[in-house]
Amino acid sequence: MAAIKEVERLETDEGGMGYLQSLPRRVVTVYLPLLVFLVVLLFPFYWMTITAVKPNLEMTDYVNYNPFWVVHPTLEHIRYLLFETSYPGWLLNTIIISTAATFLSLAAAVLAAYAIERLRFSGARQVGLAVFLAYLVPPSILFIPLSVMVFNLGLYDTPFALILTYPTFLIPFCTWLLMGYFRSIPFELEECALIDGASRWQILTKIVLPLSVPGLISAGIFAFTLSWNEFIYALTFIQSSEKKTVPVGVLTELVRSDVYEWGALMAGALIGSLPVVVLYSFFVEHYVSSMTGAVKE
Amino acid sequence: MTVPSVAVQSRPSILSRLAESRNALGFGFMLPAAALLLVFLTYPLGLGVWLGFTDTRIGRPGIFIGVENYEYLWSDSVFWLSVFNTLLYTVSASILKFVLGLWLALILNEKLPFKSFFRAIVLLPWVVPTVLSAIAFWWIYDSQFSILSWALQQMGLIDHRINFLGDPTNARASVIAANVWRGIPFVAITLLAGLQTIPQSLYEAATLDGASRWQLFRYVTLPLLTPIIAITMTFSVLFTFTDFQLIYVLTRGGPVNATHLMATLSFQRGIAGGQLGEGAAIAVAMIPFLLAAILFSYFGLQRRRWQQGGGD
């Protein structure tokens, strides 16, 4: 929240001394580097898009066709991807798994964050620190023991293997983010409600949650994006082709032997990225402020 | 209840009951999160350490073999190569991400038209699933149809195609470049948030005192930005050190293990090769490095506390 206000404040009187710089100097120090940054950062997306609609003939013939452009755009790769591979199934799997993991983690994180931040039970500070440390445990060191557990619990090759393991990185993150939001809600509101005889549960659902909707939205988007992008667990715990998620499916099923279907691969990468990009573009302000807010805590 | 007369006497008991219920409530509220984290995070962490001391394979429970896995790794040149690669990858990618990210943050902090639009667009590489953008890089680095080779050839800078992922040195540089590409937005946007908390008046005062642009940066911007730099870079180092996806997509550790990171080697030995015990031992070997990074962050925070006069 503080970050948004800060940004707004600075946008009204930004660049207080900007008039001291001449235009040519600004072109060299600001606009030119910015242009280079944008070109480099966005080129892979352009290349992805252009390859996805390029006929195979043009894709490999750099002599007669300029590779930066497409002469006869085609939807063949996208048609192939959607109707001749399991791609739609992977999309559906990813949506189901990400949504379930997100809601599970959000519910657990709301309760935990409220307890740590507002109930102040004994040891709340230590628990808060433990949650933060849990966020620092990377999936790269957990996937082997988790695969043993998943197998022993009979969850191997089921969506539940992912729905139950994704919260290991989602809950710490969401809890940490929501703790920051709950902290910004004045204590007085809760005290009033307590005096009026509200239970803790009523306070949480009727006062705290409505006030922290922006926090819930950004935590939800964050969690959804993280689950959508997750790779190593999905690669390790899922085996059957039709149960895979998009990142794993695109990589392991679309790459067959030595013949790379570059068009279909790029189309798969593009379509797999779109939901996250669309979701994020709607809530970009929340996203930026909560990301920076979470880091600042 | 005869409230007025009892109130004084019963205050301690009400307070203690309140405290009790606080703890009971707190326990209840913490339960779902704690249960999930204990079962799927804390327990596997311990299980991983245990597995490192066993010879477990896929489909066969192992027995305790002491430090045999570690002894084997100690004399395994591929393991040491992966340690070297991980450090090289982490250090060079982090430095590049920091320098370029800070530069981009400084640019975005200038007065610009469509500022929020640029800020949003710059984040794209970080939002898109790593595996999917890595696949795009795979195609960009293709040995035959690389667009980079083609463009450089057209400009007359090189006379033959670059073998981006086939040659050890090139492959290392290529995966580092892809990692930097993905990491710049995170560093830039978080540092930008830090930059925006620095009051303009400090710059005005320094300018009146005759400070040059470099001095403004060196003596105003950098010291005030240090705390957020420490946190951002710790996260960046942690994520880079434990990276798996990018390598798995681009090179799978090749050519001749030149790009194997500890995480990919752990996957290759543990899951693909079925040697769960050995894979777990490699993963456990990453922990000391991670602890070092976290301690680094902790001291960064200490410094921040000190800068803010003890309060935090």
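Everything numeric here is computed off the predicted structure, so don't read it as measured data. (Residues numbered from 1 in each chain as written. Chains lettered and ligands numbered in written order. Predicted model: local features only at pLDDT ≥ 70, side-chain atom pairs only at ≥ 80, totals over all residues.)

## Topic: the overall build of chain B
Each helix and strand in chain B was counted, giving 13 helices and 0 strands. Each helix (α) and strand (β) of chain B, taken in turn from the N terminus, gives the series α-α-α-α-α-α-α-α-α-α-α-α-α. Counting across all 312 residues of chain B, residues that qualify as buried make up 41%. Long-range pairs, those at least 24 residues apart, make up 68% of the contacts in chain B between residues at least 6 apart in sequence. (Helix = DSSP H or I, 4+ residues; strand = E, 2+ residues; numbered from the N terminus. Buried ≥ 20, exposed ≤ 12 C-beta atoms within 10 Å, placed from the backbone. Contact = placed C-beta atoms within 7 Å.)

## Observations concerning the interface of chain A and chain B
Contacts between the two partners involve 82 residues from chain A and, on the opposite side, 73 residues from chain B. For the side of chain A that touches chain B, the class distribution of residues is 58 nonpolar, 18 polar and 6 charged. (Nonpolar A, V, L, I, M, F, W, Y, C, P; charged D, E, K, R; others polar.)

## Regarding the packing of helix H8 (residues 168-195) of chain B against helix H10 (residues 213-241) of chain B
Residue and element names in this part refer to chain B. Running from amino to carboxyl end, H8 crosses H10 at an angle of 160°, the nearest separation of the two axes being 10 Å. Judged by the angle between their axes, H8 and H10 are roughly antiparallel. Seen from above, H8 lies across H10 with right-handed handedness. Every residue of H10 that contacts H8 at Asn179, Gly183, Phe186, Val187, Thr190, Leu191, Gly194 and Leu195 is listed here: Leu225, Ile228, Ile229, Thr232, Ser236 and Thr240. Each residue belonging to the contact of H8 with H10 can be placed in one class, and the counts come to 7 nonpolar, 7 polar and no charged. (Axes fitted to C-alpha atoms, helices over the stretch in contact; angles between N-to-C directions. Parallel < 35°, antiparallel > 145°, perpendicular 65-115°, else oblique. Left-handed = near helix turned anticlockwise from the far one by under 90°.)

## A look at the domain arrangement of chain A
Residue and element names in this part refer to chain A. Looking at chain A, the domain boundaries give domain 1 (21-74) and domain 2 (85-296). Counting residues per element, the ones that place at least two in the side of domain 1 that touches domain 2 are helix H2 (23-52) and helix H3 (56-60). The element best represented in the side of domain 1 that touches domain 2 is H2, accounting for 4 residues. Here the side of domain 1 that touches domain 2 is built from residues that sort into 3 nonpolar, 3 polar and 1 charged. (Domains from an automatic or database assignment.)

## Considerations on the nonpolar core
With 152 residues, the main nonpolar core has Ala109 of chain A together with Ile135 of chain B as its most contacted residues. Counting residues per element, this core draws most heavily on helix H5 (residues 87-119) of chain A, which supplies 15 residues. With residues up to four places along the chain from it excluded, the contact list for alanine 109 of chain A reads Ile171, Cys174, Thr175, Leu178 and Ala219 of chain A together with Ala33 of chain B. (Core = buried A, V, L, I, M, F, W, Y, C linked by C-beta atoms within 7 Å.)

## A word on helix H9 (residues 167-183) of chain A
Residues that lie three or four places apart on an α-helix share one face, since the helix turns once every 3.6 residues. In a regular helix each residue adds 1.5 Å, so 17 residues correspond to 24 Å; H9 of chain A covers 23 Å between its end C-alpha atoms and thus fits that length. Extensive coverage of H9 of chain A is indicated by the burial of 15 of its 17 residues. (Expected span 1.5 Å × (residues − 1).)

## Digging into the packing of H5 of chain A against H9 of chain A
Helix packing geometry: the angle between the two helix axes and the distance between the axes. Residue and element names in this part refer to chain A. Axis separation between H5 and H9 bottoms out at 7 Å; the angle between their running directions is 45°. The angle between H5 and H9 places the two elements in the oblique class. In this structure, H5 meets H9 at a crossing whose hand is right-handed. Its residues assigned to classes, the contact of H5 with H9 shows 17 nonpolar, 3 polar and 3 charged.

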